[in-house]
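# Close look at the chain arrangement
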Amino acid sequence: MTNEDRGVLKYFPAQVTEAIKALPAEHRQAIEELRLRLGQNMTYFACGREWVLLLRKKPILADRELLDEVLARASEFSRYAAESSLREGFFTLPEGHRIGVCGTVVSDGGRQTIKDISSLNVRFARQVSGIADKAMNLLWTHPTSALIIGPPGCGKTTLLREIVRQLSDRFSYRVGVVDERGELAAAKNGVPQFSLGKFTDVLTGAEKGKGIEMLLRSMRPQWIAVDEITSENDLCAMSRASYCGVQLLASAHAYEKSDLYARPLYEGMMKQGIFRNLIVMDGRRNVTCERLTA
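About the thresholds
Residues numbered from 1 in each chain as written. Predicted model: local features only at pLDDT ≥ 70, side-chain atom pairs only at ≥ 80, totals over all residues. Heavy atoms only, no water. Pairing = 2+ DSSP bridges. Helix = DSSP H or I, 4+ residues; strand = E, 2+ residues; numbered from the N terminus. Axes fitted to C-alpha atoms, helices over the stretch in contact; angles between N-to-C directions. Parallel < 35°, antiparallel > 145°, perpendicular 65-115°, else oblique. Left-handed = near helix turned anticlockwise from the far one by under 90°. Contact = heavy atoms within 4.5 Å. Nonpolar A, V, L, I, M, F, W, Y, C, P; charged D, E, K, R; others polar. Buried < 20%, exposed > 50% of the residue type's maximum accessible area, 1.4 Å probe, protein only. Polar contact = N/O pair within 3.5 Å; in protein donor to acceptor, adjacent residues only side chain to side chain.

### Let's talk about the pairing of strand β1 (residues 33-37)
Inspection of the sheet shows β1 paired to strand β2 (residues 43-46) by 3 bridges, in the antiparallel sense. Note on β2: the bridge partner recorded for E33 is F45. Hairpin geometry of β1 and β2 is characterised by an intervening segment of 5 residues between the two adjacent antiparallel strands and by a positive phi of about 85° at G39. In this structure, β1 lies alongside strand β8 (residues 111-123), joined through 5 bridges in antiparallel fashion. Within the sheet, the bridge partner assigned to E33 lies in β8 and is R123.

### Overview of the pairing of strand β15 (residues 287-291)
Within a regular strand, the side chains alternate between the two sheet faces. Across 5 bridges, the pairing between strand β14 (residues 277-281) and β15 is antiparallel. Its bridge partner being in β15, N277 is matched across the sheet by R291.

### A closer look at the packing of helix α6 (residues 133-141) against helix α7 (residues 156-169)
Contact geometry of α6 with α7 gives a least axis separation of 10 Å together with a crossing angle of 45°. One finds that α6 runs oblique with respect to α7. In this structure, α6 crosses over α7, and the sense of that crossing is right-handed. Contact residues: α6 offers D133, A135, M136 and L139, while α7 offers I163, Q166 and L167. Among the residues making up the contact of α6 with α7, the classes are represented as 5 nonpolar, 1 polar and 1 charged.

### Comments concerning the environment of E162
Within the secondary structure layout, E162 lies in helix α7. A relative accessible area of 1% places E162 in the buried class. When the C-alpha atoms of E162 and T141 are compared, they prove to be 18 Å apart, with 21 residues separating the residues in sequence. Here R165 takes part through its side chain, which lies 2.6 Å from a polar atom of the side chain of E162.

Following this line, the structure appears as structure tokens:
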């Protein structure tokens, strides 16, 4: 496991960390997720499939006590932090790792939150050098706005993070990052835990549309990067930024280019021609790049 991965282990009791450390090296180095489903055996995802996590050849039952302990550690035993995170359906940990939460959605003072937690998905965040080489070859030749697409869990955020770093460190661009969920930079007390480059400014916690406008007004970026386009508001803000001469870097859930034209949200984006470069990741994390016509 990397140093970043080891940071996840402090959110688990000793029996879980012992089991993870005892995994075969191939699995230990490739682990992507830990899954806790109430009343089921705990599992992990590595090498393309889900496996039961064993402690001395016996499975670890994900009971209520275990789920509650992980949540308490993730929120640093702060009730306010736990309630705030549960409204969003996930916890972002200081190292950039993320815990997704499932349970019963209820209304709490006009806002939704999750109670009776039934599942946790701990996703490992990593900085991977070299993953962006093909994309950077394209952006060196055509330094214009780029969209990263791929299925869930294929590594789009990891690729986006590395492209930002190289745009900043290799090409010396001023890059503004709207890190809405704290996954790209994993800033702790204002200090990014992942390297995003020496000419990169990070705005953490802002909604993407609002964050883009804030960066335009205050930081004079040459590029603006956001993760996961999910709303019309995101697209409106990016469209306005493109008119200001700023290049954009973003990701979206889609299996292939045709998906972008089949979904109303993305179809309008493609017709506007906001992005000129398309970077596609498949389920095996292979990267292909192409130029988009106006």
